[in-house]
Amino acid sequence: MTEQFVAPGLEEFEAALPIVHRVTQRTPLETSRFLAEILDVPTVYLKCENLQRTGAYKLRGAYNRLSQLTEEERARGVVAASAGNHAQGVAFAARELGIKATIFTPLGVALPKLQATRNYGADVVLEGQIFDETNVAAQTFVRETGATFIPPFDHPAVIAGQGTVALEMLEVAPDIETIVVPIGGGGLISGVAAAAKLRAEREGRSMRIIGVQAENASPFVKSIVAGHPVTVKTKPTIADGIAVARPGDLTFEMVRDYVDEIVTVSDDDLARAIVVLLERAKLVVEPAGAAGVAAMLAGKINASGPTATILSGGNIDPLLLQRVIGHGLAASARYMKLRILLPDIPGQLVRTASIVAEANANVVEVIHTRHATELPISEVELELHIETRGHEHGEAVAQALRDAGYTVRVGERY
């Protein structure tokens, strides 16, 4: 970093609150009895930043940072590099403040995010196959034009803006004892953890903060162990909003100082959480925004007392949502694939379908083949895709088929 930043204190978070409220909404703090029963706590709160303007919390930090620019800096414009929510937050904030914004995004950016950023009035430059190339192009633009670069997380004003989420939560539910927060580069959790813990300290009580990263992009886990920011090689994950290879320098220090624990979740966990939020809470949440709920469902959260998590964003491509729902149903054993060996004689297909129906499961797809080379010549394979009510029901259906004398495999070849 070229500048040495100082972590914001409680006064900076409290000062940021009325500033960000010029453009942001006080998003709802819903409760989930379903998740409370899973965690065995009195209450689980859901802070619905997926319902925020621009569809994510990022607007808070972007507006707080842009509001601090001098008239000269505003005249030169601002620049950001982002493939998603930060781009939209900067574009919206710049429009509200009358500042010209240029946003660099990778060539493969999702069309809905690209269109939304342009609709907020920003000039969008498609540059680079990967984000590192996009960021280099943005930094080159800064040097050539004198525009101010707006970082996605590693700046005190950005962190102070994100921390206003915690202040809103505690105003509505001062009984919260644990907050579970998604982590990408660390801007949200740095702000939330510091604001919540400093507020709790002033009130003479404690607060527990748990961070959640995607297991395929979890640099904070290794960085905390190493004692300094570490760059990791990320793997593909549906949680693109938190797929960051390296913590920020300031956010690392704040996470180290204020966060009690960091856990990771798989893409299956995230998909399952999205389905639960759709079904139980009637909320559309992007994979990164569902990380806290994913950790709860996966048994990764050891909480006591009223617990909250932040649904940090809802900007999910409908095509991805369609795939994620199917994957989430499969991960929850709501959608199962059964492979059944049948004797190659008439009537077997009807018999197996009857057994499945009697077990109150629904067949949605059937594949019947006798040509697979691994099959005995006198047998055929029946592949059934069925809808069930969950793991126990799915196992009951498979067992009913086995009890009828069939060889059954769940989701695998013989």
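Residues numbered from 1 in each chain as written. Predicted model: local features only at pLDDT ≥ 70, side-chain atom pairs only at ≥ 80, totals over all residues. Heavy atoms only, no water.

Bringing the pattern of salt bridges into the picture now. Overall, the coordinates contain 17 salt bridges when judged by the stated rule. Between E14 and R199 there is a salt bridge, with the nearest N and O atoms lying 3.5 Å from each other. Of this pair, E14 sits in helix α1 (residues 10-20) while R199 is found in helix α9 (residues 187-202), placing the two residues 185 residues apart along the sequence. Notably, a salt bridge pairs R76 with E72, separated by 2.9 Å at the nearest N-O pair. Here the residue R76 and the residue E72 both occupy positions in helix α4 (residues 71-76), the gap between them amounting to four residues, near one helical turn. Taking relative accessible area as the criterion, E72 reaches 56% and is therefore assigned exposed. (Salt bridge = Lys/Arg side-chain N within 4 Å of Asp/Glu carboxyl O. Helix = DSSP H or I, 4+ residues; strand = E, 2+ residues; numbered from the N terminus. Buried < 20%, exposed > 50% of the residue type's maximum accessible area, 1.4 Å probe, protein only.)

Taken in spatial order, the four strands make up an open sheet running β5-β4-β3-β6, and their pairing is parallel. Edge positions in the open sheet fall to β5 (123-126) and β6 (148-149), since each of these has one partner strand only. Where strand β4 (residues 101-105) lies against β5, four bridges are found, and the strand directions are parallel. Note on β5: the bridge partner recorded for F104 is V125. (Pairing = 2+ DSSP bridges.)

A separate point is unusual backbone geometry. Positive phi, normally seen in glycine, also occurs at D40, with a value near 60°. Take D40: it is sitting in the loop between α2 (33-39) and β2 (44-48). Backbone geometry places K282, a non-glycine residue, at a positive phi of 60°. Mapping K282 onto the fold places it in the loop between α12 (267-281) and α13 (291-297). On the accessibility criterion, K282 (62% relative accessible area) is exposed.

All right, on to the packing of α1 against helix α3 (residues 58-66) then. Packing of α1 against α3 brings their axes to within 10 Å, and their N-to-C directions diverge by 100°. By the angle class used here, α1 and α3 are roughly perpendicular. Facing α1, whose interface residues are A16, I19 and V20, α3 presents R60, Y63 and N64. For the contact of α1 with α3, the per-class residue count stands at four nonpolar, one polar and one charged. (Axes fitted to C-alpha atoms, helices over the stretch in contact; angles between N-to-C directions. Parallel < 35°, antiparallel > 145°, perpendicular 65-115°, else oblique. Contact = heavy atoms within 4.5 Å. Nonpolar A, V, L, I, M, F, W, Y, C, P; charged D, E, K, R; others polar.)

Strand order in the open sheet formed by six strands is β1-β2-β10-β7-β8-β9, with mixed pairing between adjacent strands. This sheet does not close on itself; its edge strands, each paired only once, are β1 (29-31) and β9 (261-265). Averaged over all neighbouring strand pairs, the angle between strand axes comes to 25°, with direction disregarded. Bridge count between β1 and β2: three bridges; the pairing is antiparallel. By the bridge assignment for β2, L29 is matched with K47. Together, β7 (178-182), β8 (208-214) and β10 (307-311) form the strand contacts of α9, whose direction differs from that of β7 by roughly 165°.

Here S312 lies in the loop between β10 and α14 (318-331). The class for S312 is buried, based on a relative accessible area of 7%. Once residues within four sequence positions are removed from consideration, S312 is found in contact with E49, N50, G55, A56, Y57, P182, L188, A288 and G289.

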